[in-house]
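Here's the letter readout for the chains.
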Amino acid sequence: MTREDKAHPMMVIGPSGTPLTVDTLTPSDTKRWTARRKAEVVAAVNGGLLTLEEACARYSLSREEFSGWQQTVERTGIPGLRVTRIQHYRALAKRHRSS
């Protein structure tokens, strides 16, 4: 069965504007996650290249971890996915919710 048989697109546009395919996605054994890599996985799921279940299985992610990446991309973009910025953006979001 090919990817097209499963109703998946063969390619989606990634966060940097470049095409993403299953073959060009971050390897499943990735240990060092950069903001760009996280954003590409989010784009792959949002674009239908991978299902949420496929992404979680491929990258050993929990649904909650992926959901956090997805929400961060929506709120703050790729810079928010940087590990060093997570605390900063969480504090900003908390202040915004309480105001």
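Just so we're clear, the structure is a prediction, and the values are computed from it rather than from any experiment. (Residues numbered from 1 in each chain as written. Predicted model: local features only at pLDDT ≥ 70, side-chain atom pairs only at ≥ 80, totals over all residues. Heavy atoms only, no water.)

## What about the packing of helix H1 (residues 35–46) against helix H3 (residues 63–76)?
- Relative orientation of the contacting elements H1 and H3 amounts to 95°, with a least axis distance of 10 Å. Here H3 runs roughly perpendicular to H1, going by the angle between their axes. For the pair H1 and H3, contact is made by Lys-38, Val-41, Val-42, Val-45 and Asn-46 and by Phe-66, Trp-69, Gln-70 and Val-73, respectively.
- Of the residues contributing to the contact of H1 with H3, the split by class is six nonpolar, two polar and one charged. (Axes fitted to C-alpha atoms, helices over the stretch in contact; angles between N-to-C directions. Helix = DSSP H or I, 4+ residues; strand = E, 2+ residues; numbered from the N terminus. Parallel < 35°, antiparallel > 145°, perpendicular 65-115°, else oblique. Contact = heavy atoms within 4.5 Å. Nonpolar A, V, L, I, M, F, W, Y, C, P; charged D, E, K, R; others polar.)

## Focus on unusual backbone geometry
- Of note in this structure, Ser-60 is not a glycine but carries a positive phi near 55°.
- By the element assignment, Ser-60 lies in the loop between helix H2 (52–59) and H3.

## Things to note about the packing of aromatic side chains
- Here the structure, examined in full by the defined rule, presents two aromatic pairs.
- Each ring, one from Trp-33 and one from Tyr-59, has its centre 5.2 Å from the other, and the planes form 80°; the classification is edge-to-face. Taken together, the residues Trp-33 in the loop between strand S2 (19–20) and H1 and Tyr-59 in helix H2 connect sequence positions 26 residues apart.
- Given a relative accessible area of 21%, Trp-33 falls into the partly exposed group.
- Exposure remark for Tyr-59: the relative accessible area of 5% places this residue in the buried category.
- With a centroid separation of 5.1 Å and an interplanar angle of 50°, the aromatic rings of Trp-33 and Trp-69 are classed as tilted. With a gap of 36 residues between them, Trp-33 in the loop between S2 and H1 and Trp-69 in helix H3 connect regions that are remote in the sequence.
- Of the aromatic side chains, those joined through ring pairs into one cluster are Trp-33, Tyr-59 and Trp-69. (Phe/Tyr/Trp six-rings, centres within 6.5 Å; stacked < 30°, edge-to-face > 60°. Buried < 20%, exposed > 50% of the residue type's maximum accessible area, 1.4 Å probe, protein only.)

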